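Residues per chain are reported as follows:
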Amino acid sequence: MSTTKSTSLPLARPAGGERTGALHRRPVDVPASSTQASQDTAVVAALAALIHRYTAETSVVVGRGTFGAVHVAVTGETTIGQLRTAIDATPVELVDGKAFHAVVTDVSDSPLAALTVLSGPGSVELLTAQVEFGADAADQYALHLGRALAASPDTRVADVELLDEEDLHRILVAWNQTDEEVPGGFFHEEIAAIARRTPDQDAVVWPGGRLSFRELDEQSTQLAHRLQSLGVKRGDNVGTCFPRGPESLIGQIACFKLGAAAILLDPDFPGDRVRFMIEHANAVVVLTMNAHEHVVSGTTKIVTLDGTDWRTEPTTPIDVRVEADDFIHICYTSGSTGVPKAVLVRHGAARNLIYSMRTLCGITSESRGTWLAAPGYGMVEVECFSVLAAGAPVRIPEPSVVTSPEWLRDWFVAERITHTLLMKAVCERILTLDWPSETALENIRICGERVQSWPDASLPFQVLNLYGSAEATVVAICDITELGRSLGEDGRARRTPPIGRPTQNVKTFVLGEDLKPVPPGVVGELAITGDSLSAGYLNQPEATAEKWIRNPIDPERHPVLYRTGDLARYWPDGGIEIVGRTDNQVKVRGNRVHLGEIEAVLASLPGVGQAAVLAKTDDKGDTRLVAYLEAEPALEPVVRDVRKALQQKLPTFMVPSAYVVGVFELTTNGKIDRTKLPEPPKSRPDVDTNYQEPRNDVERSLQELWEKALDLDAVGVLDNFFDLGGDSMRAASLTAQIGKFFAVDKDQDDLFFELFDKPNIAGMAVAISAMTG
C-alpha cells in the first residue's frame, strides 16, 4: 500500500542517518486503564492528537509493534473518544517504517521512529534519540503526551490543554520582560539638543561635503518656517522626494518640527507611482531637488531645496508641540491588491526604535554610522536616526559603492565605519570576504529577509540579525555571531539563525489560528504589541482592521495586536525563528513585495488574460521573479512590451527577470495552478535586438561570463543586460568577475558605469580594450 511521508516534527534536528547512540528516556504520566489494549489505544490516540497539534498533519501514521501501523485521520474537531474508537476499528497494516510519525511498542532498546513509546502494564515511557532531540525537547514531548493522554473522551483535539499556567507565564510574561523607560525627546528634539551641546560635530558626511549638527538643525528650522508660511501645519502630510543625502534629512526634520508627517518618496521610482503616493497621502507640499522635480510635477506645491530662497528664513525655534501618536513618516509598501499601502509610523514608535538601536547596538557619540538603504523606506529611522540621535555622524558613499560587496568593505575600512545596516543579499556576500583585523567596524545589522546561514566566528565584528517592518518598526534582535559561537559547529548545523528576543517595550507572541500561544517548536503566526506599533494603513480601514486586531492576551495594557503574517516558532529558550509567510509576500533584495501587486499590473496589460508571478531562488541564494502569462484569445502578449510597461509602473526590484508565455494548468476556481508551473527556460528572452554572435575573443569571453551571471544559454553581443533580467546586484558581481578575468586592476567604477551606460557585450568589449590596451 502507499505510505505517508513523515512530517518533520517540531524541535527535531536532522539525525543525519540512523537513530543510534545515546537516548533520552522520559516517563509519561498515564491514567489508569482497564486493559493493556485500551492503554495502547489511548497512547496511539494521544500521539495522533499531539502530532496534529504540532504539525497540522491530518493523516498520522503510528506504528504498532514492530511490523505494522495504523493510519489515523485527525482534525482539530475530532474528539479524543472518536480517535480511540477509530483506532480500535482500524486494522494494523504493513507500512514502510520510514513513513512512521511515531511507534507504540512493548519492548525496544532503540527508537523505531522519531517518537517511540514503550507501553507496558500501567507505565508509558518515551524514547527519543539524543542526536535528533535535545533534552528540553524530550521533556516537552513527554509532558505534552501525558496531557493528551489525560484529556477526557469528549475533548476536541484542538482543545487539549498542552500549556499550563506556568508554561503560559513563561511564554507570555517571562519571555517579554522588556519594559524600560525611554529617556529624551522625539528625534527632531534630540537633534536640536545635540546642536546646542556640540554644534560643530559632523552630522552628515558625503562625497564632496559635510554638514554639522548646528547646520542640520538651523537649516531644517529655516525650511520649517518656509513650509509654515505655505500653510503647512501639525497633522499635514509633506512629500520628501530625495536621493540619499543631507537635503533629505533637512526636509524630513523640517516636517517633524511642524508636527507634519514626511511621506518617504524615492526619485528612482516610476513617476506615476510617486505621483500616486503624493495624491493618495494628500500631500500639501512636496520637497525635492531640481533634478527630480519632473518626477513629482503636476501634483501639488513644490519646494526645491536647491532652487528656492528658503535659506533666508529665520532660525528661531518653531513652537509646535508634537505627541507620541502624531505621525513621523508615511511609508509605502507593496500591496496585495495591486495598490501600494501607506503605513502611518508614529513619533512614539520611532523614539522607541531609536532608543533600542542605540542601546542594543552600542551606538555612542564616538560611533560612525552609514546611510546605505534606499531613501523611500522607513529604514532611515533604523540606520540613520539611531546614529544621529547619539550625536554621531552618518556617512554616505558614492552610489556605485553600495552595489559591490568588495567596494563596500573597502569603504567601511577606509571611513572607519563602526555601525552599519545591510540587506541580507549584500550582507551574506560581504561576510564571505577577507577582512583586515584592524577594522573599526563593531557590528553589522542584517535585515530585509530571513537569514539562513551563520556568520563566521572569526570575523572581526559582530553580526546582529534584525527583524521588523514598517508596521511594527524594529521588533527583535539577535547577536548571531555570539550565539553561533556558543552553539558550536554541531549546533549551528542543526538550526538556522533566529531573530532572538523582543526589543525594549515590545511584546512578541507566536500564536495558533485560535490566537492562543503555541508550544516551543510549533509553527504559528508571529504577533506583536507594544510601543513599536504603527497606527495602521492610510485610507484603508479594512486592511488595517485585518492586521491590527484587538489584543486577546493583555487588552488592558496593550489594546492592539499586530498580525505580521510571518510564520515563526519559539526556541526552548524563548528566542524566535522566522520560517516563512502565511501569504504570497516575498522579499526581493530586502524589499517587501506582494506578488499579487505585480500580477494585478500584468493582468491590466494588453494581451494578458491571466498572470501569475513566482519568486525563485537561484544558486547564489538571490530571489528572482518569474512571470507566467496566459494570452487573451487571439491576442498574445509581447514580452518586451510587457517588460517596458512594468518598468514604467513598478520599481525595478518588482519587475520580473524572466517571462513564460503559454497555457497553464488551472485550479478548480479557474486560476493558474501555481504548484504546477514549469521552471523558466534558460533560452534568450524576447528583447528588442536581433541575436548577434561574438565577433572576437574579448566578446566571446564576455558572452560566457554574461551567460553564467544571467543563467541563460545564449546572449547576443547587442542584447541589453537589464532586458535579459540583470539588476544592480548582478551588475556589480559581473563587473567584478570581468575585472578579474581581464586583469583590470583599476577603474572598476568605470567598468561598472560602462555597463549602465552601454549595457551590452559590444560596449563592454570596447571599454575593456581601452582599459587593457
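Just so it is clear, the structure is predicted and the values come from calculations on it, not from any experiment.

(A) Layout of the overall build of the protein chain. Scanning the protein chain from terminus to terminus reveals 21 helices and 32 strands. Relative to the 2.2 N^0.38 estimate, which gives 28 Å for 773 residues, the radius of gyration of the protein chain is 29 Å and therefore close to what a compact globule would have. C-alpha atoms of the protein chain, sized along the principal axes, occupy 95 × 70 × 55 Å. Looking at the protein chain residue by residue over its 773 residues, the buried ones come to 57%. Sequence-distant contacts in the protein chain: of pairs separated by 6 or more residues, those separated by 24 or more amount to 67%.

(B) Quick peek at the sheet that holds strand 31 (residues 623-631). On the basis of which strands lie adjacent, the open sheet formed by three strands has the order 30-31-32 and mixed pairing. Lying at the two open borders of the sheet, with one neighbouring strand each, are strand 30 (608-617) and strand 32 (658-661). In this sheet, neighbouring strand axes are inclined to one another by 20° on average, regardless of whether the strands run parallel or antiparallel. Sheet strands touched by helix 16 (residues 595-603): strand 30 and strand 31. Its angle to strand 30, the strand with the most contacts, is close to 150°. The strands that helix 17 (residues 639-649) touches are strand 31 and strand 32; relative to strand 32, the one it contacts most, it runs at about 135°.

(C) The arrangement of the pattern of salt bridges in detail. Applying the stated criterion across every chain, the model contains 30 salt bridges. Note that R147 is salt-bridged to D167, the shortest N-O span being 2.8 Å. Pair noted here: R147 is in helix 3 (residues 135-150) and D167 is in helix 4 (residues 165-172), with a separation of 20 residues, a long-range link. You'll find R147 and D167 in the same group, each marked buried. Shared partners join several salt bridges into a network, and the residues in it are R147, D164, D167 and R170.

(D) Structural view of unusual backbone geometry. For R416, which is not glycine, the phi dihedral falls at a positive 55°. Here R416 lies in the loop between helix 12 (405-415) and strand 18 (419-423). Under the relative-accessibility criterion, R416 is labelled partly exposed at 47%.

(E) The environment of V474, seen in detail. Following the sequence through the fold, V474 ends up in strand 21 (residues 473-479). Between the alpha carbons of V474 and N352 there is a distance of 9.0 Å; along the sequence they are 122 residues apart. Not counting residues within four places of it along the chain, the set of residues in contact with V474 comprises L353, M357, V382, L466, Y467, G468, T503, V506 and S532.

(F) Broad picture of the side chain of E471. Relative to the elements of secondary structure, E471 occurs in the loop between strand 20 (462-469) and strand 21. Since its relative accessible area comes to 1%, E471 is described here as buried. Within the structure, the side chain of E471 is placed 2.7 Å from the side chain of Y537, a separation counted as a polar contact.

(G) How the structure looks around the packing of helix 10 (residues 347-361) against helix 11 (residues 379-388). At a closest axis distance of 9 Å, the pairing of helix 10 and helix 11 adopts a crossing angle of 65°. The angle between helix 10 and helix 11 falls in the class roughly perpendicular. The interaxial crossing formed by helix 10 with helix 11 has right-handed handedness. Between helix 10 and helix 11, the contacting residues are A350, L353, I354, M357 and R358 on the first element and E381, V382, F385 and S386 on the second. Here the contact of helix 10 with helix 11 is built from residues that sort into six nonpolar, one polar and two charged.

(H) Examining the pairing of strand 26 (residues 560-570) more closely. Bridging between strand 24 (residues 524-530) and strand 26 involves four bridges; their strand directions are antiparallel. Each residue of the ladder has a partner; that of A527, found in strand 26, is R563. Pairing analysis gives five bridges linking strand 26 to strand 27 (residues 576-581), with the strands arranged antiparallel. Among the inter-strand pairings, L567 is bridged to a residue of strand 27, identified as G580. Hairpin connection between strand 26 and strand 27: a loop of five residues separates the two successive antiparallel strands, and G574 in this loop has a positive phi of roughly 95°.

(I) Structural context of the nonpolar core. One finds L47, F187, L223, L287 and F385 to be the most contacted residues of the largest nonpolar core, which totals 128 residues. In terms of residues, this core owes the most to one element, helix 1 (residues 36-55), which gives 11 residues. I263, A342, L538 and L650 belong to the second largest nonpolar core, which has 42 residues in total.

(J) A look at the confidence of the model for the protein chain. Residue-level pLDDT values for the protein chain average 88, and 92% of them are 70 or greater. Note on residues 1-7: pLDDT under 50 across the span, and 22 contacts to partners over four residues away in sequence or across chains.

(K) Structural detail: the environment of P27. With respect to the helices and strands, the residue P27 is situated in strand 1 (residues 23-28). Taking the C-alpha atoms as reference, P27 lies 7.8 Å from S123; in sequence the two are 96 residues apart. Apart from the residues lying within four places of it in its own chain, the contact partners of P27 are V124, E125 and A142.

(L) Here's a closer look at the packing of aromatic side chains. Enumeration according to the criterion identifies 17 aromatic pairs in this entry. For the pair F133 and Y141, a centre-to-centre distance of 5.4 Å together with 70° between the ring planes defines the contact as edge-to-face. Look at Y141 and you get buried, because its relative accessible area is 1%. Aromatic pair F187 and F385: ring centres 3.9 Å apart, planes at 5°, arrangement stacked. Remark: F385 occurs in helix 11 and F187 occurs in helix 5 (residues 187-197); sequence separation between them is 198 residues.

(M) How the structure looks around the sheet that holds strand 9 (residues 209-212). Read from one edge to the other, the open sheet built from four strands follows the order 9-8-17-16, with strand pairing classed as mixed. The two strands at the open ends of the sheet, each matched to only one other strand, are strand 9 and strand 16 (369-370). In the packing of helix 6 (residues 213-229) onto the sheet, contacts are made with strand 8 (202-206) and strand 9, and the angle to strand 9 comes to roughly 75°.

(N) Structural detail: the packing of helix 1 against helix 2 (residues 80-89). In contact at an axis separation of 9 Å, helix 1 and helix 2 are set at 120° when each is read in the N-to-C sense. Classified by the interaxial angle, the pair formed by helix 1 and helix 2 is oblique. Judged by the twist between their axes, the crossing of helix 1 over helix 2 is right-handed. Along its contact with helix 1, which presents T41, A42, V44, A45 and A49, the element helix 2 presents I80, L83, R84, I87 and D88. Partitioned by chemical class, the residues of the contact of helix 1 with helix 2 number seven nonpolar, one polar and two charged.

Criteria and cut-off values
- Residues numbered from 1 in each chain as written.
- Predicted model: local features only at pLDDT ≥ 70, side-chain atom pairs only at ≥ 80, totals over all residues.
- Heavy atoms only, no water.
- Helix = DSSP H or I, 4+ residues; strand = E, 2+ residues; numbered from the N terminus.
- Rg over C-alpha atoms; globule rule 2.2 N^0.38 Å.
- Buried < 20%, exposed > 50% of the residue type's maximum accessible area, 1.4 Å probe, protein only.
- Contact = heavy atoms within 4.5 Å.
- Pairing = 2+ DSSP bridges.
- Axes fitted to C-alpha atoms, helices over the stretch in contact; angles between N-to-C directions.
- Salt bridge = Lys/Arg side-chain N within 4 Å of Asp/Glu carboxyl O.
- Polar contact = N/O pair within 3.5 Å; in protein donor to acceptor, adjacent residues only side chain to side chain.
- Parallel < 35°, antiparallel > 145°, perpendicular 65-115°, else oblique.
- Left-handed = near helix turned anticlockwise from the far one by under 90°.
- Nonpolar A, V, L, I, M, F, W, Y, C, P; charged D, E, K, R; others polar.
- Core = buried A, V, L, I, M, F, W, Y, C linked by side-chain atoms within 4.5 Å.
- pLDDT = per-residue confidence, 0-100.
- Phe/Tyr/Trp six-rings, centres within 6.5 Å; stacked < 30°, edge-to-face > 60°.

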